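Topology and contacts: notes
Here are the chains, one letter per residue:
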Amino acid sequence: MSMTMVASDGARQLLLGDEIVGRINRLGDISEAPEHLARIFLTPEHRAAADLILSWMRDAGMAAHLDAIGNVCGRYEGNRPGLPCLMLGSHYDTVRDAGKWDGPLGIITAISCVADLHKRGKRLPFAIEVVGFADEEGVRFASTLLGSRAVAGTFVESVLGGKDRAGITMREAMIAFGLDPDHIGAAARAPGELLAYVELHIEQGPVLEAKNLPVGVVTAIAGATRLAASLTGMAGHAGTVPMALRRDALTGAAECIVAIEEFCRTDPDGLVGTVGHIDAMPGATNVIPGHVSFTMDIRAPTDSHRRRAVADIVRRIEGIAKARALALQVDVTHENRTVPCAPWLKAQVAEAVAAEGFAVFELPSGAGHDGMAMIDIADVAMIFVRCRGGISHHPDEHVEAADADAGARVLLRLIENFRPREKAEPG
Ligand code: GLV
Ligand code: MN
Ligand code: MN
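Residues numbered from 1 in each chain as written. Chains lettered and ligands numbered in written order. Predicted model: local features only at pLDDT ≥ 70, side-chain atom pairs only at ≥ 80, totals over all residues. Heavy atoms only, no water.

This part is about the coordination of the manganese ion (ligand 2). On the protein side, the manganese ion (ligand 2) has D102 (OD), E137 (OE), E137 (OE) and H393 (NE2) as donor atoms, found 2.1 to 2.7 Å from it. Positions of the donor residues of the manganese ion (ligand 2) along the chain correspond to the pattern D-x34-E-x255-H. Residue classification places E137 among the buried residues on the basis of a relative accessible area of 6%. Residue class for H393 comes out partly exposed when judged on its relative accessible area of 41%. (Donors = N, O, S within 2.8 Å, 3.2 Å for Na, K, Ca; no water. Buried < 20%, exposed > 50% of the residue type's maximum accessible area, 1.4 Å probe, protein only.)

Okay, here's the thing in structure tokens:
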């Protein structure tokens, strides 16, 4: 199987890679604003992206539909109808001011692989399903993995009451999108319907580039805890309240944020902590801020390390709040445990990588992925594709067409040689 051809003008034609790059660019144009990419869950541009992906799925020979939470689902039957599936996927929502590749690469590559099988009239002894998950990033409703949780049957109904920054609840946003919030359960799949879940994704880090490798085999997806903190002091006149008598919630938050950075920076074992969003009220130049809320995202290579760190960080910010006479409220908004990739499936990914002529290199994922939810109904594996400079969650995110092609060839080879887990197989 060779997907690279030399065109008459001598240029290398990357049959899958060129198609993937073209589609990444088309999807990347669907955004809330032309000057930056943001495709947030349940917005009109999110719907437009879903419709485009549905059309690509149908062109690839799949039956396709939007499920009860807005996931885009395509199914390519096996050599007889109704067989369990190998599920492939990633997400089509983005962060704000995003790159084009985080999420869409996995969906688009999987569709290109199915299209290739379809073109050759090839059916396999299992079905293939491709899912574009509606929400992985959790930008809008302070809870991540909403699409894959719905598929895994672990969606938590209380999230429906959560509000976005404009005060719109998820329930209201679903209705505006054309979905019924009372029927999210219909998106859930039974474990027996899936043979495995495999996700191809950009690495989002610099390791493959440093190793000079286009693809990598993921060992595990690191867990994460997200928290929301709020500090309440006393708003007041910027000109009249002496410094010693202030209870300024924003300077309190600033001290907390620096303490979180310091705590993580001095951890010797890979702890990372991010305050990615902050709101100060009432938000006027001449008013002492009386109320501040901010988010925290804490990750570590092991769950026990992360849990210890979260407890230590909360203790530290409690101390800062107390010393400044501020009321503190901290809530855990999301917690994902570390998810190991299944050894039997990872071995098949490694075989596909080697068969395509690449060195097999294993690496963990520091970023979160839909596999963190899919683990509840299927064994999970991931293929990473090199990205330029390790840059992600940034508009400069970039993958070379040749690397997109390499990833597609590995995924196609994995699909064509996929063997479901045997009962006695370890892992
Ligand atoms: C998702 O991209 C995450 O790791 O936060
Ligand atoms: Mn992301
Ligand atoms: Mn992603």
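A word on unusual backbone geometry. With an omega dihedral of 0 degrees, the bond running from M281 to P282 counts as a cis peptide bond. Along the chain, P282 falls in the loop between β12 (278–281) and β13 (287–288). Backbone geometry places H393, a non-glycine residue, at a positive phi of 55 degrees. Here H393 is to be found in the loop between β18 (380–385) and α11 (401–417). (Helix = DSSP H or I, 4+ residues; strand = E, 2+ residues; numbered from the N terminus.)

Here we take up the coordination of the manganese ion (ligand 3). At the metal site, the manganese ion (ligand 3) is ligated by H91 (NE2), D102 (OD) and H201 (NE2), and these contacts range over 2.0 to 2.2 Å. The sequence pattern formed by the donor residues of the manganese ion (ligand 3) is H-x10-D-x98-H. In this structure, the manganese ion (ligand 3) lies 3.6 Å from the manganese ion (ligand 2), and both are coordinated by D102. Taken together, the residues D102 in the loop between β5 (85–91) and α3 (104–119) and H201 in strand β7 (residues 194–202) connect sequence positions 99 residues apart.

This part is about the packing of aromatic side chains. Where two aromatic rings form a pair, the distance of their centres and the angle of their planes describe that pair. Here the structure, examined in full by the defined rule, presents four aromatic pairs. Residues F41 and F141 carry aromatic rings whose centres are separated by 6.3 Å and whose planes lie at 85 degrees to one another, so their mutual orientation is edge-to-face. Of this pair, F41 sits in the loop between α1 (15–28) and α2 (44–59) while F141 sits in the loop between β6 (127–133) and α4 (146–152), and the two are 100 residues apart along the sequence. Its relative accessible area of 1% is what places F41 among the buried residues. Here the aromatic rings of F126 and F418 are separated by 5.2 Å at their centres, their planes lie at 80 degrees, and the arrangement is edge-to-face. You can see F126 sitting in the loop between α3 and β6 and its partner F418 sitting in the segment after α11, a full 292 residues away along the chain. A residue is classified by how much of its surface remains accessible, and F126, at 2% relative accessible area, is buried. Connected via pairs of aromatic rings, a cluster forms that spans F126, W344 and F418. If you follow R47 out to its NZ or CZ, it ends over the ring of F177, 5.5 Å from the centre. We note R123 situated over the ring of Y76; from NZ or CZ to the ring centre the distance is 4.0 Å. (Phe/Tyr/Trp six-rings, centres within 6.5 Å; stacked < 30°, edge-to-face > 60°. Lys NZ or Arg CZ within 6 Å of the ring centre and 35° of its normal.)

Judged by nonpolar contacts, the single largest core of 80 residues is most densely connected at M170 and L411. Take this core: its biggest share by element is nine residues, from α3. In terms of nonpolar packing, the next biggest core, distinct from the first, is built from 24 residues, L227, F263, A309 and I313 among them. (Core = buried A, V, L, I, M, F, W, Y, C linked by side-chain atoms within 4.5 Å.)

Every residue lining ligand 1 is accounted for by E136, E137, R226, R299, A367, G368 and H393. Within the side chain of R299, an N or O atom sits 2.6 Å from an oxygen atom of ligand 1. Contact with the protein chains covers 93% of the free accessible surface of ligand 1, which is 190 Å². For the shell around ligand 1, the residue count by class is one nonpolar, two polar and four charged. (Near = heavy atom within 4 Å. Polar contact = N/O pair within 3.5 Å; in protein donor to acceptor, adjacent residues only side chain to side chain. Areas by Shrake-Rupley, 256 points an atom, 1.4 Å probe, with all protein chains shown as cover. Nonpolar A, V, L, I, M, F, W, Y, C, P; charged D, E, K, R; others polar.)

In this model, the chain carries an average pLDDT of 95, and 96% of its residues clear a pLDDT of 70 or more. Scored below 50 in pLDDT, residues 6–11 makes three contacts in the model with residues more than four places away or belonging to other chains. (pLDDT = per-residue confidence, 0-100. Contact = heavy atoms within 4.5 Å.)

Mapped onto the elements, S158 comes out in the loop between α4 and α5 (170–177). With 13 residues separating them in the primary sequence, S158 and R171 have C-alpha atoms 10.0 Å apart.

Before going further, it helps to examine the environment of F361. Within the secondary structure, F361 is located in the loop between α9 (343–355) and β17 (362–365). Spatially, the C-alpha atom of F361 lies 27 Å from that of K423, the residues being 62 residues apart in sequence.

Attention now goes to α3. Between its first and last C-alpha, α3 extends 22 Å over 16 residues, near the 22 Å set by a 1.5 Å rise per residue. Counting buried residues along α3, 14 of its 16 residues qualify, which places the element largely inside the surrounding structure. Looking one or two residues past α3, G121 carries a phi angle of roughly 65 degrees, positive in sign. (Expected span 1.5 Å × (residues − 1).)

Looking now at the pairing of β6. Among the seven residues in β6, seven count as buried, and that is most of the element. Residues A127, E129, V131 and F133 of β6 are buried on one face, and the alternating residues I128, V130 and G132, pointing to the opposite face, are buried as well. Where strand β4 (residues 72–76) meets β6, five bridges bridge the pair, whose relative direction is antiparallel. Across the sheet, V72 pairs through a bridge with G132, a residue of β6. (Pairing = 2+ DSSP bridges.)

Relative to the assigned elements, V131 resides in strand β6. With a relative accessible area of 2%, V131 lands in the buried category. Sequence spacing of V131 and I107 is 24 residues, and the spatial spacing of their C-alpha atoms is 6.9 Å.

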